[in-house]
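The lines below spell out each chain.
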Amino acid sequence: MELNNSKIKIKAKNLNVYYGAKQALFDINLDINQKEVTALIGPSGCGKSTFIRCINRMNDVIDICKVEGSIQLDGSEINEKKVDVVTLREKVGMVFQKPNPFPKSIYDNIAYGPTIHGVAENKDQMDEIVETSLKKAALWDEVKDRLNEPGTSLSGGQQQRLCIARALSVSPEVILMDEPCSALDPIATAKIEELIDDLKKSYTIVIVTHSMAQAVRVSQKTGFFHLGKIIEVDSTEKIFKNPDNKMTQDYITGRFG
Amino acid sequence: MSGTGHTVKSYEEEMQSLNDNLVMMGSLTESQMADAMSAVIKVDKESVDKIVKSDGKINELRSIIDNQITTVLVKRAPMAVDLRITISTMKISHDLERIGDLAKSVAKKVKPLPVDLPDELTASLRRLGDLVQKQLKDVLDAYLNKSKDKAIEIWRKDEQVDDLTNLAMNEVATYLQKDKKNLEMATHLLFVTKNIERAGDHITNIAESLYYLIEGEYLEGARPKGKPVESE
């Protein structure tokens, strides 16, 4: 796989993150390619979620969290003070481990973001955004006749796709996914994976997953984190067939004591 | 290879058992080949039935290994080195089974041979048999020691197997030209020679699988070849 020919969407350089006195990330250098799926794997507490939360500055909301170093989105530094985090999060959406629809209708869940960002000018435009977003998230056919029902009335897998649709409603460029399938059954997981495959044609996706099989299935590039450091990054095929680093091999083959 | 074992003990045991069965299969195939060659050279017709029968044990092990591999794939979804071990073991076990079959075919040709087989007919065949047996022993040792260099050496040495095959076939053809009455015997010996050469090819396949297991890459370039047998 040719990794070098891809355009770099996100570039992390010498990124260090601290929670109070505890350092969570150590000198992370990682390039994330545009319109590709990058999987981040590693044991719990290794820093992979902390890392993706840096990409849309979600760590800003944690008082004791300090981020040093550089993250560039399309060559522009996102950690500078002048950067408006609301605009940043419009470009960089996020989907979490547990589906977290707002306690509102399916329609309002999707309309919320575009309303805040002032994207739609009238009801017709908003209707269109809701429909398009739900279609992109492969949920439209299942909910089109019940848009006024609460988002929480959907099944777990549907709720997760609703959250993906919500992220898509503000036309992001990057979607961060933090273990998006860990609460889902295999069928709902397959639907999300199918969706990821489809979404990567238009979006850059970074996914944190504990499932090796999922990383292999959905991603083109994989990074292995351990104790706050990046141990190895390479094409997914290389990482899972023949990794260079012994720690990577021990982790993915289940040899970690 | 990784020095530490799997966190899940039963996974470790499954991989160990797979390895043990392959080693056992290799050892039986080695004996089978040695017995078949000895039967030809000594024209020992009495040993033929035993050799034919013991091929069943090799086939049985292949089938056990196939089942174990299916189980490992479905239960463990092996990754990296475990994946390469699993894939290579499957391929190696199939090559060993074919070598066992070829040894059996060699043995079966002993029955119609005359007991007073002239030495001039078997000199090169004996050398070919010795070389192929040595190659088999070496590749099994290389597997045990996971030796990449040995795998390459064995792979390259197949050229000598091809050359000796040509020599042995020429000897038989010359003998046949002397007296057409030798036709039946010569035909059997040509089959024996060809079968041994084919066993040599499976040994190089094993060397290739072993190289992949160790390196995660395929041996590159065409295998060195002796003069083509068919051109003789």
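Residues numbered from 1 in each chain as written. Chains lettered and ligands numbered in written order. Predicted model: local features only at pLDDT ≥ 70, side-chain atom pairs only at ≥ 80, totals over all residues. Heavy atoms only, no water.

> So what exactly am I meant to see when it comes to unusual backbone geometry here?
With the exception of glycine, most residues fall at negative phi, and the peptide bonds are largely trans. Residue and element names in this part refer to chain A. In this model, Lys-35 sits at a positive phi of 50°, which is unusual for a non-glycine residue. Mapped onto the fold, Lys-35 is located in the loop between strand E2 (22-33) and strand E3 (37-41). In this model, Glu-179 sits at a positive phi of 45°, which is unusual for a non-glycine residue. Mapping Glu-179 onto the fold places it in the loop between strand E7 (174-178) and helix H7 (186-199). (Helix = DSSP H or I, 4+ residues; strand = E, 2+ residues; numbered from the N terminus.)

> How should the interface of chain B and chain A be read in this particular structure?
In this assembly, 16 residues from chain B lie in contact with 16 residues from chain A. Of the roughly 1200 Å² buried at the junction of chain B and chain A (both faces included), carbon and sulfur atoms supply 46%. Counting the contacts that link chain B with chain A gives 1 salt bridge. Here the side of chain B that touches chain A takes 5 residues from helix H3 (residues 80-108) of chain B, the largest share from any one element. (Contact = heavy atoms within 4.5 Å. Buried area = accessible area lost by both parts, 1.4 Å probe. Salt bridge = Lys/Arg side-chain N within 4 Å of Asp/Glu carboxyl O.)

> I'm lost on the sheet that holds strand E1 (residues 8-19) of chain A in this one. Help?
All names here are of chain A. On the basis of which strands lie adjacent, the open sheet formed by 4 strands has the order E2-E1-E4-E5 and antiparallel pairing. The open sheet has two edge strands with one neighbour each: E2 and strand E5 (76-77). Note that strand E4 (residues 65-73) and E5 share 2 bridges and pair antiparallel. Counted as the bridge partner of Gln-72 is Glu-77 from E5. (Pairing = 2+ DSSP bridges.)

> Whenever I open this one, the pairing of E1 of chain A confuses me. Can you help?
Residue and element names in this part refer to chain A. With 8 bridges joining them, E1 and E2 adopt antiparallel strand pairing. Counted as the bridge partner of Lys-11 is Asp-31 from E2. Taken together, E1 and the strand that follows it, E2, pair antiparallel across an intervening segment of 2 residues, in which Gly-20 is found at a positive phi of about 60°. For E1 and E4, the ladder comprises 8 bridges, and the chain directions are antiparallel. Its bridge partner being in E4, Lys-11 is matched across the sheet by Gln-72.

> Is there a simple way to think about the packing of helix H3 (residues 106-116) of chain A against helix H6 (residues 156-168) of chain A in this case?
How two helices pack is summed up by the angle between their axes together with the distance between the axes. Residues and elements named next belong to chain A. Where H3 meets H6, the closest approach of the two axes is 7 Å, and the angle between their N-to-C directions is 30°. With respect to H6, the axis of H3 lies roughly parallel. For the element pair H3 and H6, the recorded crossing hand is right-handed. Where H3 approaches H6, its residues Ile-106, Asn-109 and Ile-110 are matched on the opposing element by Leu-162, Ala-165 and Arg-166. Of the residues assigned to the contact of H3 with H6, the class counts are 4 nonpolar, 1 polar and 1 charged. (Axes fitted to C-alpha atoms, helices over the stretch in contact; angles between N-to-C directions. Parallel < 35°, antiparallel > 145°, perpendicular 65-115°, else oblique. Left-handed = near helix turned anticlockwise from the far one by under 90°. Nonpolar A, V, L, I, M, F, W, Y, C, P; charged D, E, K, R; others polar.)

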